[in-house]
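Architecture and fold: a report
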Amino acid sequence: MRKPWQPRQPRDWWLHNPAYRRYMLREATALPLLLYTLLLLTGIYQLARGPVAFGAWLAWLQTPAMLVLQGIALAAALLHAVTWVALVPKILVIDSDRLRIAPRHVLRAHQLAALGCNLGLIGATLWLLWPAGGH
Amino acid sequence: MRRSHEPISWSLFGAGGMLLALIGPGLIVSTLLLPWLTQDPQALYVSFSAGLRHPLGTCAALAVVALPLYHTAHRLYHGLHDLHITGPGWLLGGVFYGGATVLSALCAFWLLAL
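Computed from a predicted structure; not experimentally measured.

Turning our eyes to something else, we now look at the overall build of chain A. For chain A, the helix and strand inventory stands at five helices and zero strands. In terms of C-alpha radius of gyration, chain A reaches 22 Å, well past the compact-globule figure of 14 Å for 135 residues. For chain A, the spread of C-alpha atoms along the three principal axes comes to 75 × 50 × 25 Å. Burial statistics for chain A: of 135 residues in total, 31% are counted as buried. Looking at chain A alone, contacts between residues at least 24 apart form 40% of all its contacts between residues at least 6 apart. Accessible surface, chain A as shown: approximately 9,000 Å² in total, 68% of it carbon and sulfur.

Here we take up the packing of helix H2 (residues 30-49) of chain A against helix H4 (residues 64-91) of chain A. Residue and element names in this part refer to chain A. Where H2 contacts H4, the two axes come as close as 8 Å, and the packing angle between them is 125°. Accordingly, the angle class assigned to the pair H2 and H4 is oblique. Of the two possible hands of crossing, H2 and H4 adopt the one that is left-handed. Two secondary-structure elements touch here, H2 through Pro 32, Leu 33, Leu 35, Tyr 36 and Leu 39 and H4 through Met 66, Leu 69, Gln 70, Ile 72, Ala 73, Ala 76, Ala 77 and His 80. Of the residues contributing to the contact of H2 with H4, the split by class is 11 nonpolar, two polar and no charged.

Attention shifts here to the interface of chain A and chain B. Listed as interface residues are 54 residues of chain A and, on the opposing side, 50 residues of chain B. Between chain A and chain B lies a buried interface of about 4,900 Å² when both sides are counted; carbon and sulfur atoms form 77% of it. Between chain A and chain B we count one salt bridge in total. Where Glu 27 of chain A meets Arg 75 of chain B, a salt bridge forms, and the shortest distance between an N and an O atom there is 3.5 Å. At the surface where chain A touches chain B, the tally comes to 15 residue pairs in polar contact (both at pLDDT 80 or more).

The rules we used
- Counting restarts for each chain, with residues numbered from 1 along the sequence as it is written.
- Whichever chain is written first becomes A and whichever ligand is written first becomes 1, with later ones labelled in order.
- Per-residue local features of the predicted model are confined to residues with pLDDT of at least 70, and side-chain atom pairs are confined, for both listing and counting, to 80 or more; whole-chain, interface and lining totals are unaffected and use all residues.
- Side-chain descriptors were evaluated using all non-hydrogen atoms of the structure, hydrogens and water having been removed beforehand.
- To qualify as a helix, a DSSP run of H or I must reach at least 4 residues; to qualify as a strand, a run of E must reach at least 2; elements of each kind are numbered from the N terminus.
- Values of the radius of gyration come from C-alpha atoms, whereas the globule rule sets the reference at 2.2 Å times the count of residues to the power 0.38.
- Think of it in three bands: with a 1.4 Å probe and only protein chains considered, a residue is buried below 20% of the maximum accessible area for its type, exposed above 50%, and partly exposed in between.
- Residue contacts follow a heavy-atom distance rule, with two residues in contact if any of their heavy atoms lie within 4.5 Å.
- All accessible-area figures derive from a Shrake-Rupley calculation using a 1.4 Å probe, and residue coverage is judged against the displayed protein chains alone.
- Think of each axis as a best-fit line through the C-alpha atoms, taken over the contacting stretch in the case of a helix, with angles from 0 to 180 degrees between the N-to-C directions.
- Our angle categories are set so that under 35 degrees counts as roughly parallel, over 145 as roughly antiparallel, 65 to 115 as roughly perpendicular, and the remainder as oblique.
- Crossing handedness: left-handed means the near helix sits turned counterclockwise from the far one by under a right angle, and right-handed means the same turn made clockwise.
- Following the grouping adopted for this structure description, the nonpolar residues are Ala, Val, Leu, Ile, Met, Phe, Trp, Tyr, Cys and Pro, the charged ones are Asp, Glu, Lys and Arg, and the polar ones are all others, Gly among them.
- Throughout, the accessible surface (probe 1.4 Å) given up by two parts as they are put together, summed over both, is called the buried area.
- Within this document, salt bridges are pairs made up of a side-chain nitrogen of Lys or Arg and a carboxyl oxygen of Asp or Glu, the two lying within 4 Å of each other.
- In the analysis that follows, any N or O atom pair within 3.5 Å is treated as a polar contact, provided that within protein one partner can donate a hydrogen and the other can accept it, and provided that, for residues neighboring in sequence, both atoms belong to side chains.

Here you go:
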């Protein structure tokens, strides 16, 4: 009788190795980021419904549950950004006869871009909405 | 042979991942600050709806919602495999990639309704 060997992987395979645990944590950042994206989507929906609905959405952002969600999403987004940028030089390999860029330069460029874009966005929000500046 | 959807789903995953790395944390800090910085919700409504009615604003908002939807759908879809949660491919694919597509279409519809 034919009896092929069946490799078995226990369901909790990722729990017992720190590298696998870090991998699963990185993959898990998708869940809070999905919920945060749905939060943004509801904002666009309420904006389309009118000023009263949009005002209610702004107030809803300040409820404890939404503050906790945004806090967890912020931690997830930071972990995502760090791990994503670290992977870029492994995926984006620029090594042809015409153009050759060392992986550490690719990494540094993406680190600077991520830092600049994120800080720029926060700066723009503060600059446009700071109460004293009044727009 | 049936064509794989992987090149398309991975491209959307990659674009969403890059967008989230570039502006994700900044965007979340901004929405955390938004209600506290807003003195006049009415004025914010007017400037937001004007900004999103501009074609560039519409495209930017759609990208900021749709690409992270595809990114997270892709990661969660493959995460189920890692957790040994299995099911018919058409069902899981339909829920994750189909769900991201439906929500992106809704986002486009609401943006155009502004």
